[in-house]
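Each chain, letter by letter, is given below.
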Amino acid sequence: MEFEIETDRDTEAEAEAEAEVPKEPPKIHRLDESVVNRIAAGEVIQRPVSAVKELVENSLDAHSSSINVVVKDGGLKLIQVSDDGHGIRYDDLAILCERHTTSKLSTFEDLQSIKSMGFRGEALASMTYVAHVTVSTITKGQHHGYRVSYRDGVMEHEPKPCAAVKGTQIMVENLFYNMTARRKTLQNSANDFSNIEDLLKRFSIHHINVNFSLRKHGASGADLHTVGTSSRLDAIRSVYGVSVARTLIKIETSDNNPSSSVFKMNGFISDSNYVAKKITMVLFINDRLVDCTALKRAIEIVYAATLPKASKPFIYMSIVLPPEHVDVNVHPTKREVSLLNQEVIIAKIQSVVESKLRNSNQAQTFQEQIAEPSPSGNIGIIKDSSFSSSPPGPKSQKVPVHKMVRTDSLDPAGRLHHYLQAKPCGPLENNPSLTAVRSSVRQRRNRKETADLTSIQELIDEIDCNCHSGLLDVVRHCSYIGMADDVLALLQHDTHLYVVNVVNL
Ligand code: ADP
Ligand code: MG
C-alpha cells in the first residue's frame, strides 16, 4: 500500500517537473543599471562596518589628521564620518557618487604602484544605492562649504552652501533601507557597534599620528578616543590597555634579495603572559588593513609549539613591500591582498617570531623559577634546579633536524657503560690503565689465581690488538636507548642508530 502511494507521488513530482521545464531556452536580457548597481553595492557594503571602513579610508587618503565617527543603532540608522582632510572640489560633487569615479587612479597601470587605499571609485556610489548619503565638504581657501544629498549615484539637488571649517563630513543614513532581508538579519546582530570599534582600534594603532574618535549618537562621551603619538607602544597601550601592552615584544625583520623576497616588517607580538580566547592579529600591508590567513596560521602554529598556554596571541604587524609586488585588486572589499613571494616572506616572519618567543620564554622561565620560594630554604638547591629545568644558552637554541641527537653521548648518563658496569667495579673505572689494575690485583692474590689471570691477561691483550677502533669508539661514546627485545639493544652514536646483540657484545 505504502509502496503504491510513493509511486503515485513520484509520478506527480515527475509530471510537475516536466511542466516546469520550458520548451524554449530562457531569453537573456540586459539588467537594468540600477539593479546591477544595487547587486554590486550589496557586495561592497556588506555590513555597517564595511561602510565605516570605506569612509575612514577615504578620510585617510585625504591626508586627514583627525577622523571622528558617530554611529546610531549599530550603524543602521546613521554612520557619520567627519575629517579635516583636503575636501572635495565643488566641480566634482556632481559625479562624486557615480560608480567608477575616482581621483586616485587614471590608467590600469597606476594600479601597479597604487599607494592610496581606494582606487575603484565604488564605495560612495555603492552607499548611495543602499542608503541615503549626504556630503558636506570644503576645500582650502573657500569661505563656505557645500552640502548635497545623493540617491542611486546621483545628486538629489544642486549643492547648497553651508558653514564648514575644514575637510569633509559624510552621513550615511538608513543603511539597507531597500534590502529588507539584509536589514532584518543585521537588526538582530548586537555586535555591529563592537565591530566598528574594533576596526577603529586597528586603524588607530597603525596611523598613530591621526586622532580617531568613535561615539554613539546622542552619547556625551566617546567610546574610543585616541590622540596622536609618536610611539606605537603608547598607542597600543591607550587603545588595548596596559595589560596587553606590557606583554608585548618588539619584532622586526627584512629581506632585500630580489631573487627570494623584498620586504620590511616591524611590529609587536605578545609573550607568554598574554592569554586570550582568540587571536588578535592587526595586519597592515603597505598601510592597508588586510587579513592574511596563511600568515595568521603560520604564526598560530609557532605559538602553539612554543607557548601552548598563550597560543592565542596579540599581534600587530606592518609589512612594507614595493607596491608592484602587491596585488591589491583580489577581493571585493579589498580585505585580502596577494603578495609576490608570499611563502618566502611568511617563512621568514615565522622564523623571527619563533626565535623571539624562544628567547622570551627562556628568560621568563629562568626568572619565575628564581622567584619561587624554596620549601627547604636552601637557596643553592633552588638555583641548581632552575638551571637544570631551563637550560641556558646554546642548548635551547634550535638544532637542525639532521643534527639532532637523542641525548648527549658525552654525558656519562647516556653511555652504555653507565648501564652495564657492575657497581663494585666502579672505583676502578678511573684507573688509567686496565693492565695496571690487573697487576695490582694479581699481587694480592695467590699463585694459582695469578696464573689464571695471566691467561686472561693474554686474552685481553689479544682482543686489544685486534679490536676495531671505529667500533670501539661507537661502543665507548654511544647512548643506550633501550632493549628492542631479549637480546637486541638500541644504541645511538652521533646521528646513527645501532641494533646490538648484547649477548655477543
Ligand atoms: P575611491 O576611494 O576608490 O576613489 P570612493 O567612492 O570611496 O572611491 O570615493 C570617490 C572619490 O571621492 C575619491 O576618489 C575622492 O576623491 C573623493 N572622496 C571621498 N571621500 C573623501 C573625503 N573624505 N575627503 C576627500 N575626498 C573624498
Ligand atoms: Mg574610497
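Data block above holds the structure.
What counts and how
Residues numbered from 1 in each chain as written. Chains lettered and ligands numbered in written order. Predicted model: local features only at pLDDT ≥ 70, side-chain atom pairs only at ≥ 80, totals over all residues. Heavy atoms only, no water. Near = heavy atom within 4 Å. Polar contact = N/O pair within 3.5 Å; in protein donor to acceptor, adjacent residues only side chain to side chain. Areas by Shrake-Rupley, 256 points an atom, 1.4 Å probe, with all protein chains shown as cover. Helix = DSSP H or I, 4+ residues; strand = E, 2+ residues; numbered from the N terminus. Pairing = 2+ DSSP bridges. Axes fitted to C-alpha atoms, helices over the stretch in contact; angles between N-to-C directions. Contact = heavy atoms within 4.5 Å.

This part takes up the site of ligand 1. As a structural note, the neighbourhood of ligand 1 is formed by 20 residues, with Asn58, Thr102, Ser103, Lys104 and Gly121 the closest of them. In this structure, an oxygen atom belonging to ligand 1 sits 2.9 Å away from a main-chain N or O atom of Leu124. Thr168 places a side-chain nitrogen or oxygen 3.4 Å from a nitrogen atom of ligand 1. Expressed as a share of its isolated accessible area of 520 Å², the protein-covered part of ligand 1 is 94%. Listed by contribution, the elements that provide at least two residues to the shell around ligand 1 are helix H3 (48–61) and helix H4 (123–130).

As a further point, take the sheet that holds strand E14 (residues 314–320). Spatially, E10-E11-E14-E12-E13 is the arrangement adopted by the five strands of the open sheet, whose pairing is mixed. Pairing within the sheet leaves two strands with one partner each, and these edge strands are strand E10 (248–257) and strand E13 (288–290). Between one strand axis and the next, the sheet turns through 20 degrees on average, direction left out of account. With six bridges connecting them, strand E12 (residues 280–285) and E14 associate as parallel partners. When the bridges of E14 are listed, Thr280 appears paired with Phe314. Its contacts with the sheet place helix H6 (residues 192–206) against E12, E13 and E14, and it is angled at close to 55 degrees to E12. Contacts between helix H9 (residues 293–306) and the sheet are confined to strand E11 (261–270), E12 and E14, with E14 contributing the most and set at about 135 degrees to the helix.

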